[in-house]
Amino acid sequence: AASVDRGADSLTIGVPEFSPSWFRQDEGTLVVNYKVSSKPPASVTPAIVSMFSTVGNFIGIRVGDMISGSDLYSWFDSIQQIDTASVAVANNTLQKSAFAYKTNDTVFVSNGLVIDSDAVCQFPTELPFEFLVLGNSGFIGHILGARYYPERLSNSELQLLTSA
């Protein structure tokens, strides 16, 4: 009998599919279920799910030993906006995480728990996000599901969506 190893998941949705007709720059929620097969080296923190632009604006959930698991991180107009506390991630264990964003109201939730929030973050509307990425070149694992909501869901809704 032969065995097959599945490669890590990586999907990029760009213009025109990543469109203002269904995506909101000013607020929204991303929920992702994933398994990390192997944590990357300490010097690498690949995104599990992220939104970014060609000018360097970024928000996403990343994973790596350097941050002891996964966290929510963002960078806009050359200024770090968010770098939340991290949550431990075990290899080959289902993780359910989400982040909701709105100016001055951002939260990172994982496995039913609010991990961290930020009340002083900004989202530039003149330099919009252009891509939605699930996994990237450094992510070693599998995306089991992802959902986008064009509104900032409440913390209790996020806890329910990410609970076991």
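Keep in mind that this is a model prediction, so the values were computed, not measured. (Residues numbered from 1 in each chain as written. Predicted model: local features only at pLDDT ≥ 70, side-chain atom pairs only at ≥ 80, totals over all residues. Heavy atoms only, no water.)

Concerning the overall build of the protein chain
Here is step 1 of the chain: Scanning the protein chain from N- to C-terminus turns up one helix and 11 strands.
Here is step 2 of the chain: What you see in the protein chain, going N to C, is helices and strands ordered as β-β-β-β-β-β-β-β-β-β-β-α.
Here is step 3 of the chain: Within the protein chain, the proportion of its 164 residues that are buried is 46%.
Here is step 4 of the chain: Expressed as a percentage of contacts within the protein chain between residues at least 6 apart in sequence, the contacts between residues at least 24 apart total 64%. (Helix = DSSP H or I, 4+ residues; strand = E, 2+ residues; numbered from the N terminus. Buried < 20%, exposed > 50% of the residue type's maximum accessible area, 1.4 Å probe, protein only. Contact = heavy atoms within 4.5 Å.)

A closer look at the nonpolar core
Here is step 1 of the chain: Counting residues in each nonpolar core, the largest one holds 25 residues, and the members touching the most others are Ile-48, Val-49, Met-51, Ile-59, Ile-61 and Phe-99.
Here is step 2 of the chain: Among the elements of the structure, strand 2 (27-36), strand 3 (47-52), strand 4 (58-64), strand 7 (95-102), strand 10 (131-134) and strand 11 (141-149) are those that each provide at least two residues to this core.
Here is step 3 of the chain: For this core, the element with the most residues is strand 2, which contributes four residues.
Here is step 4 of the chain: Of all hydrophobic cores here, the second largest spans seven residues; its members include Val-31, Ala-98, Val-107 and Leu-153. (Core = buried A, V, L, I, M, F, W, Y, C linked by side-chain atoms within 4.5 Å.)

Digging into unusual backbone geometry
Here is step 1 of the chain: At Asn-92, a position not held by glycine, the phi torsion is positive, near 60°.
Here is step 2 of the chain: Within the secondary structure, Asn-92 sits in the loop between strand 6 (79-83) and strand 7.
Here is step 3 of the chain: What makes Asn-92 exposed here is its relative accessible area of 53%.
Here is step 4 of the chain: The backbone of Asn-104 shows a phi angle near 60°, a positive value even though the residue is not glycine.

What about the sheet that holds strand 9 (residues 113-118)?
Here is step 1 of the chain: Here we have five strands laid out as an open sheet, ordered 9-8-7-2-11, and antiparallel in their pairing. Where the open sheet ends on each side, the last strands, each with one partner, are strand 9 and strand 11. Averaged over neighbouring strand pairs, the angle between their axes works out to 15° when direction is ignored. (Pairing = 2+ DSSP bridges. Axes fitted to C-alpha atoms, helices over the stretch in contact; angles between N-to-C directions.)

A word on the packing of aromatic side chains
Here is step 1 of the chain: A full pass over the atoms with the stated rule returns three aromatic pairs.
Here is step 2 of the chain: Measuring from ring centre to ring centre gives 5.0 Å for Phe-52 and Phe-131, while their planes differ by 20°; the resulting arrangement is stacked. With Phe-52 in strand 3 and Phe-131 in strand 10, this pair connects stretches of sequence that are 79 residues apart.
Here is step 3 of the chain: Its relative accessible area of 26% is what places Phe-52 among the partly exposed residues.
Here is step 4 of the chain: Considering the side-chain rings of Phe-99 and Tyr-101, the 6.3 Å spacing of their centres and the 40° angle between planes classify their relative orientation as tilted. Residues Phe-99 and Tyr-101 agree in their burial class; the two are buried. (Phe/Tyr/Trp six-rings, centres within 6.5 Å; stacked < 30°, edge-to-face > 60°.)

A look at the pattern of salt bridges
Here is step 1 of the chain: Under the criterion given, the structure shown has four salt bridges.
Here is step 2 of the chain: A salt bridge links Glu-27 to Arg-24; its shortest N-O distance comes to 3.0 Å.
Here is step 3 of the chain: The buried category is assigned to Glu-27, whose relative accessible area is 12%.
Here is step 4 of the chain: Members of the salt-bridge network, linked through shared partners, are Arg-24, Asp-26, Glu-27 and Lys-102. (Salt bridge = Lys/Arg side-chain N within 4 Å of Asp/Glu carboxyl O.)

Structural notes on the pairing of strand 2
Here is step 1 of the chain: Counting buried residues along strand 2, nine of its 10 residues qualify, which places the element largely inside the surrounding structure.
Here is step 2 of the chain: Two elements, strand 2 and strand 11, share eight bridges in a ladder whose sense is antiparallel. Along strand 11, the bridge assignment pairs Lys-35 with His-142.

Some details on the confidence of the model for the protein chain
Here is step 1 of the chain: On average, residues of the protein chain score 80 in pLDDT, and 85% of them are at 70 or above.
Here is step 2 of the chain: Mean pLDDT in the protein chain bottoms out at strand 5 (residues 69-76), which sits at 72, and peaks at helix 1 (residues 155-162), which reaches 96. (pLDDT = per-residue confidence, 0-100.)

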